[in-house]
Amino acid sequence: MSKLFKIFSVDNLLVPLVAIILGLIVGAVIMLIGGYDPLLAYGSLFSTVFGNVYDFGETIREITPLIMTGLAVAFAFRAGLFNIGAEGQYIVGMTAASVVGIKITGLPIVVHALVAILAGGLAGGIWAGITGYLKAKRGVNEVIISIMLNWTGLYLSNYIVRNFLLIKGQQRSEDIKDTASISIGWLSSTFDNARMHWGTVIAILAAVFFFIYMWKSKQGYELRAVGHNGDAARYAGMNVKKNIVKAMFISGVFAGLGGAFQVLGVFHYQAIFTGSPGVGFDGIAVALIGMNHPFGILLSASLFGMLTYGSSAMSFGADVPPEIIRIVIGSIIFFIAAQGIVRWVIKPFYLKRKKEKVL
Amino acid sequence: MDWMTTIGQLINTTLVFSTALIFAALGGIFSERSGVVNIGIEGLMTFGAFAAGVASFYAEDAGMGAASPYIGILAALVMGIIASLIHAVASITFKADQVISGVVINFLAAGSTLYMVKLLFDGAGETTLLKEGLTKWPVPLLSEIPIIGEGLFNNYPTTYLAIILVLVAFYVLYKTSFGLRLRAVGEHPSAADTVGVKVLRMRYVGVILSGALAALGGATVTLTTTNTFSHNTISGQGFIAIAAMIFGKWNPLGAFGAAVFFGFSQAIGNYFQLFAWSKDIPQEFIYMLPYVLTVIVLVAAVGKSSAPAALGDPYDPGKR
């Protein structure tokens, strides 16, 4: 896992940019093979995202949870842990926020929302903390535990929604109390009723927190040390086990908050899931494209969110199946991972520049 | 007599659910024993399930009749091998992080299979329902035995194949020089290189085998369980197979046990409602059972996992 960081320290911006372009080209080629017009498709994608305020607002809405799960996965990566469980942490975060948002009454407007957000973050943190604890104390592989907890979280949440929060005859919970809502009414009306909420602001603050905590604090230094080389960190007197639990907990808080934002700011209720929503798994991709750096994640979540939201428009505008976007995203990650290919592509440009200098 | 048929059917259903997991977990073992992490098993299964569904449909269309599902299986093997080459090229030749390139496989699979299905089936999100799925092959005489006959000897050919492959994989890994080389490359690649083992080539073989086996697992799901391919044909089974592999300590026999355990906990959900005493248990808890049990068993019994030592390290001959 430590290889991950070494790769990502070089060519911080150039490689992902070239990878994104190559990914879009791969998508275009596949569209051509399928008999579609890629220019029309990409055109309708971007004209949807940037074409009117409503869709632009909804794109921001789409980006927000991706920032949170991306931060979650990246935070664990930095500490040398693979958190494949952001999915489950996101779901339990939704559920905890729903319970607080629906069941608790009589709290003043801002306080109720804050309590519900905290509940979501805490639930996600505890869910991930279980994985961290079992990894630290019992040496059980974190990947397998978090996969298991994803499914457990999904069914546990369905159970809670079905038995305690359900509207009779429907597959969804009651609406949360108005006092727990984090929607921003005036901003939504500016954006033509797109579902804008405070979660977006908190997500950006969370990225800033990630940066300061990881690179400017002693605790962050310890987490990174443990991630780079656990043995060396232990000899240096660091408590490796405590750091593993802590890293997973904070990672889970990010994902849980992402879930809470969806309930409190977007849907205002929770549905019974028939399958995994997938936001946590998308977080893995966001973290990878963002090179596990919080500010990179803000950018990659934006790209990911724009492509995903805009992809539905591609099927209207150019009749292209929206799944093509998964291929584009997969290709982008591929080119970022296999940097040898990207270097080979950009090498001629480098050489030219050097020659000019010599002349 | 009724409970006897129920038990027989329970064993049978267990094996049906386990088969795909066995194939995929074996695939994971070959890849990871050679030192290449394979998070992409889920995607490779999806590719296999897709190829089986589409090829089998076209074979039916061309009038191949009962041979169609076998053509589907062949197509799945080819598709799985091609898809696994993406993972191999990125992670072995270009030394990409293996976890990332596995994630790539999952993304490409989710996107491209559905894209192709929509292209081929006029925008529909799934393939047309297959008329000819795989049929069960009762073993003569043995299938007449009460309970066990129905349970063990009245199964799909893929189930028999899976069980045979478990033994073959065990033999190959632990009793042949090929297996020794494969494991050596996963434990200590530079030592293996020193004694003349072609490290990169062995890793390619490991990943390609994993692609073929995982795709076979995916094909099994399409051809025995769903009879169609859609976006949720393989939802999470690849990850369960990875769990089975880790659970079984990267050993074919162990993974087999774990896969059957998962198959059983899935199958038992189908039968739970039959018993009076279990009617009050919420269905969610029954769905949850396999996952919670896994965590408990892992924590209580297995403890430290024994992954191949060089798992996840790209091999660089210049670095000693």
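None of these values were measured; they are calculated from a predicted model. (Residues numbered from 1 in each chain as written. Chains lettered and ligands numbered in written order. Predicted model: local features only at pLDDT ≥ 70, side-chain atom pairs only at ≥ 80, totals over all residues. Heavy atoms only, no water.)

## Digging into the UniProt feature "transmembrane region" (unreviewed entry) in chain B
All names here are of chain B.
(1) Moving on: Within the UniProt annotation, "transmembrane region" (unreviewed entry) is assigned to residues 6–29, 36–58, 70–92, 99–121, 156–174, 204–223 and 285–303.
(2) Moving on: Overall, residues 156–174 shows 95% helix and 0% strand. The separation of its end C-alpha atoms is 28 Å.
(3) Moving on: Taken end to end, residues 204–223 is 100% helix and 0% strand, and its two terminal C-alpha atoms sit 28 Å from one another. (UniProt positions renumbered as here; feature names shortened; annotations may be inferred. Helix = DSSP H or I, 4+ residues; strand = E, 2+ residues; numbered from the N terminus.)

## Considerations on the packing of aromatic side chains
Between two aromatic rings, the relevant description is the distance of the centres plus the angle of the planes.
(1) Moving on: Counted according to the given criterion, the structure contains 31 aromatic pairs over all chains.
(2) Moving on: Here the aromatic rings of Phe-77 of chain A and Phe-82 of chain A are separated by 5.4 Å at their centres, their planes lie at 20°, and the arrangement is stacked.
(3) Moving on: Here Phe-77 of chain A falls in the buried class, since its relative accessible area comes to 0%.
(4) Moving on: A residue is classified by how much of its surface remains accessible, and Phe-82 of chain A, at 2% relative accessible area, is buried.
(5) Moving on: Of the aromatic side chains, those joined through ring pairs into one cluster are Phe-75, Phe-209, Phe-210, Phe-211, Tyr-213, Trp-215, Phe-254 and Phe-295 of chain A.
(6) Moving on: Here the basic side chain of Arg-172 of chain A rests over the ring of Tyr-269 of chain A, its NZ or CZ set 3.8 Å away from the ring centre.
(7) Moving on: Cation over ring: Lys-136 of chain B sits above Tyr-156 of chain B, and NZ or CZ is 5.4 Å from the ring centre. (Phe/Tyr/Trp six-rings, centres within 6.5 Å; stacked < 30°, edge-to-face > 60°. Buried < 20%, exposed > 50% of the residue type's maximum accessible area, 1.4 Å probe, protein only. Lys NZ or Arg CZ within 6 Å of the ring centre and 35° of its normal.)

## Let's talk about the environment of Phe-316 of chain A
Residue and element names in this part refer to chain A.
(1) Moving on: On the secondary structure map, Phe-316 appears in helix 14 (residues 294–317).
(2) Moving on: Look at Phe-316 and you get exposed, because its relative accessible area is 76%.
(3) Moving on: As a C-alpha pair, Phe-316 and Leu-45 span 271 residues in sequence and 9.8 Å in three-dimensional space.

## Things to note about the pattern of salt bridges
Charged atoms that come close allow side chains of opposite charge to pair.
(1) Moving on: Under the defined criterion, the tally for this structure stands at 10 salt bridges over all chains.
(2) Moving on: The partner of Arg-162 of chain A in a salt bridge is Glu-284 of chain B, and the shortest N-O contact between them spans 2.7 Å. One end of the pair, Arg-162 of chain A, is in helix 7 (residues 142–165); the other, Glu-284 of chain B, is in helix 12 (residues 283–302), on a second chain.
(3) Moving on: Judged by relative accessible area, Arg-162 of chain A falls into the partly exposed class, the value being 28%.
(4) Moving on: Close ionic contact of Asp-282 of chain A with Arg-326 of chain A constitutes a salt bridge, the shortest N to O distance being 3.3 Å. Of this pair, Asp-282 of chain A sits in helix 13 (residues 279–289) while Arg-326 of chain A sits in helix 15 (residues 324–337), and the two are 44 residues apart along the sequence.
(5) Moving on: Salt bridges sharing common partners tie together Glu-58, Arg-61, Glu-62 and Arg-195 of chain A. (Salt bridge = Lys/Arg side-chain N within 4 Å of Asp/Glu carboxyl O.)

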